[in-house]
Amino acid sequence: MSATVRIPTPLRTATGGAAKVDVEGDTLGEALSDLEAQHPGISERLLDESGELRRFVNVFVDDEDVRFQQGLETTLEPGTTVSIIPAVAGG
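Residues numbered from 1 in each chain as written. Predicted model: local features only at pLDDT ≥ 70, side-chain atom pairs only at ≥ 80, totals over all residues. Heavy atoms only, no water.

Quick look at unusual backbone geometry
In this structure, Asp62 is a non-glycine residue whose phi angle is positive, near 45 degrees. By the element assignment, Asp62 lies in the loop between β3 (57–61) and β4 (64–65). (Helix = DSSP H or I, 4+ residues; strand = E, 2+ residues; numbered from the N terminus.)

So this is what it looks like as structure tokens:
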């Protein structure tokens, strides 16, 4: 399946400045693996040592938070938009 990943500004240095990257994969995990293949090193900013999404990175598949779906096993449909949104903290 083909999907588009929206890259937030802080991660665009890892994608050569690209705001969107087209990826292939039937699941979010496969799509992120393809993103890593295209832009080596980006996964370490998204995934922890155990291969799970980092706590401070929010990922949405077509406006649905994957933490309330199947996480990295969330199924992607053709034309899906994956949005990576870094958590913001402050006071």
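Section: the environment of Thr15
If you trace the backbone, Thr15 turns up in the loop between β1 (2–6) and β2 (20–24). Using a relative accessible area of 3% as the deciding quantity, one classes Thr15 as buried. Along the sequence, Thr15 and Leu53 sit 38 residues apart, while their C-alpha atoms lie 18 Å from each other. (Buried < 20%, exposed > 50% of the residue type's maximum accessible area, 1.4 Å probe, protein only.)

A few points about the side chain of Thr27
Mapping Thr27 onto the fold places it in the loop between β2 and α1 (28–38). Within the local environment of Thr27, its side chain forms a polar contact with the backbone nitrogen of Glu30, the two atoms lying 3.2 Å apart. Aside from chain neighbours lying at most four places away, what touches Thr27 is Leu72, Glu73, Thr74, Thr75 and Leu76. (Polar contact = N/O pair within 3.5 Å; in protein donor to acceptor, adjacent residues only side chain to side chain. Contact = heavy atoms within 4.5 Å.)

Here's the deal with a negative patch on the surface
Among the surface-exposed residues, Asp62, Asp63, Glu64 and Glu77 lie close enough to one another that they form a single negatively charged patch. Assessed through its relative accessible area of 46%, Glu64 is described here as partly exposed. (Patch = residues over 30% accessible without salt bridge, like charges linked within 9 Å, V, L, I, M, F, W, Y side chains within 5 Å. Areas by Shrake-Rupley, 256 points an atom, 1.4 Å probe, with all protein chains shown as cover. Salt bridge = Lys/Arg side-chain N within 4 Å of Asp/Glu carboxyl O. Lys, Arg positive; Asp, Glu negative; His and termini not counted. Charge placed at Lys NZ, Arg CZ, Asp CG, Glu CD.)

Digging into the sheet that holds β2
With respect to topology, five strands assemble into an open sheet ordered β2-β1-β5-β3-β4, the strand pairing being mixed. Whereas interior strands pair on both sides, the edge strands pair on one side only; in this sheet they are β2 and β4. Of the strand pairs in this sheet, β1 and strand β5 (residues 80–86) are connected by four bridges, and their pairing is parallel. Looking at β5, one finds that Thr4 is bridged to Thr81. Docked against the sheet, α1 engages β1, β2, β3 and β5, running at close to 120 degrees with respect to β2. (Pairing = 2+ DSSP bridges. Axes fitted to C-alpha atoms, helices over the stretch in contact; angles between N-to-C directions.)

What about the nonpolar core?
By size, the foremost hydrophobic cluster in this structure holds 22 residues, and its most contacted members are Leu32, Leu35, Leu46 and Ile84. The set of elements that each furnish at least two residues to this core consists of β1, β2, α1, β3 and β5. Here this core takes four residues from α1, the largest share from any one element. Dropping the residues within four chain positions of it, Ile84 is found in contact with Val5, Arg6, Ile7, Pro8, Leu11, Leu35, Leu46, Val57 and Asn58. (Core = buried A, V, L, I, M, F, W, Y, C linked by side-chain atoms within 4.5 Å.)

Details of the pairing of β3
Side-chain alternation along β3 places Val57, Val59 and Val61 on a buried face and Asn58 and Phe60 on a face that remains uncovered. Sheet topology note: the β3/β5 ladder contains five bridges and is antiparallel. Note that in β5 the partner of Val59 across the bridge is Ile84. Alignment of β3 against β4, held across two bridges, turns out to be antiparallel. In the sheet register, Val61 faces β4, and the bridge partner there is Glu64. Here β3 folds back onto β4 in antiparallel fashion, the turn holding two residues, of which Asp62 has a positive phi close to 45 degrees.

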